[in-house]
Amino acid sequence: MISMIQPTKGNETNIKLPFSFIAFSMIALILSQLLILLNGDLLITGTFRLPAIWSAAHLFVLGWALMVAMGAMYQLVPVAFLTPIWNERFGFWQFALTSIGIASFAATLYINPQDALIPGLLTLAGILMFLFQMFMTLRSQAKPNILTLFVGTALFSLLLTIVLGITLVLSMNTGFASAYYHAVFKTHILLGTAGWFSLLIFGFSYKMVPMFSLAHGYSMKPANYVFTVYFIGIIQLVFSFITKIQLLEIIGTFFLSAGFMVFAWHVKKIIDKRVKKKLDRPFMFALLAIGFGAVIHLAAFAGSLADRLPVIIGPLLISYLIAWIAFSIIGYLYKIVPFLWWTHKYSKEIGKQKVPSLKDMMDEKLALPLFTLFIAGTLFLLLSFSVKLLPVFYLGQGLNVVGAVLFSYIIAKVVIK
Amino acid sequence: MELKEKIRENLKTVYDPELNINVVDLGLIYDIEVPEPRTAKVIMTLTTPGCPLHDSIASGIKYCVLGMEEIDHADIQLTWEPAWTPDRMTEEGKKQLQGF
């Protein structure tokens, strides 16, 4: 039997909204990489918890990765969940508040961290507006599915991450909950990375991997195991931070690694069922990030097992942020930005005249040099932490800065075309 | 050429911008009807529900059909049942996808 529905109208978001986020994020990416480059002498000695590094880390994580994720979600949620954005005008206000919040937050962290509370609250308000927008959008989804669980839990983790971040600033200023400062700090990092970004990337990968590879006839059952096992890992680790019981930390990192390995295996199974044999380079880069993510998770488990996690956590977190989260985002963004611009420019022309394909919109020749720059940069950066040589650090981070500038140029070129 | 066939041939100018294969060879067109003079009804699908190009491809098909001098009204209906499978592609479509 054939059941019919009319083509839905108005699911596409006003292009200015996601592009505002993406434009802001590109500036934040370059600035954060420059800040890291300028503080090499501190980083190389393993000193991570300093105002300049806090500023760079938040500029990178909030200013770039979070802003990109929010911009991409304004575009992806309506198409992946078949429901329009609840209120676009509210989205523009949310952008204004969040961008002012993050810019002033990064600046005060750099200049005087004690003054970071008000900018932090502005950022919190902006992110709360985003969470409210997503809640209102997703609640009107006709049929919630496993993707809703991944994305919903990721959004909840983001909320907790921000609340814990504000608690940290309060604790620093007033001594509030100072006995739990370290547990709160570790939970803030864990929920911001594994809880927010990883679960979000898992969720959207389940939409994008089959789409970009044109995979059919695969099972989605393993996604339930991925969610359950990974989620148990996060909870276990939070308990280990509170109780300081080493065994709980080992169990937690084991579950996180196991969940990630099931995810990597499941993605491979989906890819095996693809019809499109030749995959695009940016998409392969996003798949490569899954490989890096698997290695990083296993390294965390091995480090915990050997009771060496506190020693390796700095480089491990940097690898996590760059090789797993940033590489995934860059790979997917390479595909999302041309789509956004194509929709804006050609969705009214298709069927009337010849229009370019999405492949024509982005300079794919630059993909390989870009990804090589980032991979080499990250490898040198990690090497510099173990050999503690400043020139190696400058080489690695210098490549990352060039990569960030090149990536921004590639994105800008799509819009200029 | 029968009008339905002419419409099908015309739809070969509408391409899925991600795969760069036309909607006919991709097997997205399930049925074409001409229920009354100067009116076309096209029943179509997409490769996956929640395809980001959902609205663009459907409206591209509509513009294409309305662009024909024999047609004044076009009714485009999107269905997910039966779901699209790779078997629905034409030989030409499969060949293009393998080389893409």
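Quick caveat, the model's predicted, so the values are computed rather than measured.

J.: Where do I start with the pattern of salt bridges in this structure?
T.: Pairs can form between side chains of opposite charge once their charged atoms are near each other. This structure, assessed with the given rule, holds 14 salt bridges over all chains. The closest approach of N and O atoms between Asp280(A) and Lys359(A), which form a salt bridge, is 3.6 Å. Here Asp280(A) is found in the loop between helix H9 (246–272) and helix H10 (281–305), whereas its partner Lys359(A) is found in helix H12 (residues 358–361), with 79 residues between them in sequence. Through salt bridges that share partners, Lys276(A), Asp280(A), Lys335(A), Lys359(A), Glu364(A) and Glu18(B) make up one connected network.

J.: Help me understand the side chain of Ser357(A), please; the structure alone is not making it clear to me.
T.: Mapped onto the fold, Ser357(A) is located in the loop between helix H11 (309–346) and H12. When sequence neighbours within four positions are dropped, the list of residues in contact with Ser357(A) reads Pro17(B) and Asn20(B).

J.: Could you clarify how one ought to interpret the sheet that holds strand S3 (residues 29–36) of chain B in this entry?
T.: Pairing between the strands of a sheet is mediated by backbone hydrogen bonds and can be parallel or antiparallel. Residues and elements named next belong to chain B. The strand order across the open sheet formed by three strands is S3-S4-S5, and the pairing between neighbours is mixed. The outermost strands of the open sheet, each flanked by one partner alone, are S3 and strand S5 (73–78). Looking at each pair of strands side by side, their axes are set apart by 15° on average, direction ignored. In this sheet, S5 lies alongside strand S4 (residues 39–44) in parallel orientation, the contact comprising six bridges. Looking at S5, one finds that Ala 40 is bridged to Ala 74. Strand contacts of helix H1 (residues 3–11): S3 and S4, with the helix running at about 135° to S3, the strand carrying the most contacts. The strands that helix H2 (residues 54–66) touches are S3, S4 and S5; relative to S5, the one it contacts most, it runs at about 150°.

J.: Where do I start with the interface of chain B and chain A in this structure?
T.: Interface size is commonly expressed as the accessible area that is lost once the parts come together. Between chain B and chain A, the contact holds 36 residues from the first and 38 residues from the second. Summed over both partners, the interface of chain B with chain A comes to about 3,300 Å²; 62% of that surface belongs to carbon and sulfur atoms. On the surface where chain B and chain A come into contact, there are two salt bridges. Notably, a salt bridge pairs Lys335(A) with Glu18(B), separated by 3.1 Å at the nearest N-O pair. Taken together, the links from chain B to chain A amount to three residue pairs in polar contact (both at pLDDT 80 or more). Looking at the side of chain B that touches chain A, the elements with two or more residues in it are H2, S5 and helix H3 (91–99) of chain B. Ranked by the residues each element gives to the side of chain B that touches chain A, the list is headed by H2(B), at eight residues.

J.: I tried to follow the packing of H10(A) against helix H13 (residues 367–387) of chain A on my own but got confused; where do I start?
T.: Each packed pair of helices is defined by two parameters, the angle between the axes and the distance between the axes. Residue and element names in this part refer to chain A. One way to put it is that H10 packs onto H13 with a least axis distance of 10 Å and a crossing angle of 20°. On the basis of the axis angle, H10 is roughly parallel to H13. Of the two possible hands of crossing, H10 and H13 adopt the one that is right-handed. From H10, Arg 281, Pro 282, Phe 285, Leu 288 and Phe 292 reach across to H13, where they touch Ala 367, Leu 368, Phe 371 and Ile 375. A breakdown of the residues in the contact of H10 with H13 according to their chemical character gives eight nonpolar, no polar and one charged.

J.: Quick question: what am I supposed to make of the layout of surface pockets here?
T.: Here the idea is plain: a probe the size of a water molecule rolls over the atoms and shows the empty space left. Its volume calculated, the second largest pocket comes out at about 800 Å³. In terms of lining residues, the second largest pocket is bounded by 28 residues, among which Asn145(A), Lys207(A), Thr48(B), Pro49(B) and Gly50(B) are the most central. Among the elements of the structure, helix H6 (146–174) and helix H7 (181–213) of chain A are those that each provide at least two residues to the lining of the second largest pocket. Each residue belonging to the lining of the second largest pocket can be placed in one class, and the counts come to 18 nonpolar, eight polar and two charged. Three or more residues apiece are contributed to the lining of the second largest pocket by two domains, here domain 1 (15–144) and domain 2 (146–336) of chain A.

Cut-offs and rules
Residues numbered from 1 in each chain as written. Chains lettered and ligands numbered in written order. Predicted model: local features only at pLDDT ≥ 70, side-chain atom pairs only at ≥ 80, totals over all residues. Heavy atoms only, no water. Salt bridge = Lys/Arg side-chain N within 4 Å of Asp/Glu carboxyl O. Helix = DSSP H or I, 4+ residues; strand = E, 2+ residues; numbered from the N terminus. Contact = heavy atoms within 4.5 Å. Pairing = 2+ DSSP bridges. Axes fitted to C-alpha atoms, helices over the stretch in contact; angles between N-to-C directions. Buried area = accessible area lost by both parts, 1.4 Å probe. Polar contact = N/O pair within 3.5 Å; in protein donor to acceptor, adjacent residues only side chain to side chain. Parallel < 35°, antiparallel > 145°, perpendicular 65-115°, else oblique. Left-handed = near helix turned anticlockwise from the far one by under 90°. Nonpolar A, V, L, I, M, F, W, Y, C, P; charged D, E, K, R; others polar. 1 Å grid on protein atoms, 1.4 Å probe; cavity = no way out; pocket = protein on both sides within 12 Å on 5 of 7 lines; lining within 4 Å. Points joined across faces, edges and corners; volume = space filled by probe spheres on them. Domains from an automatic or database assignment.

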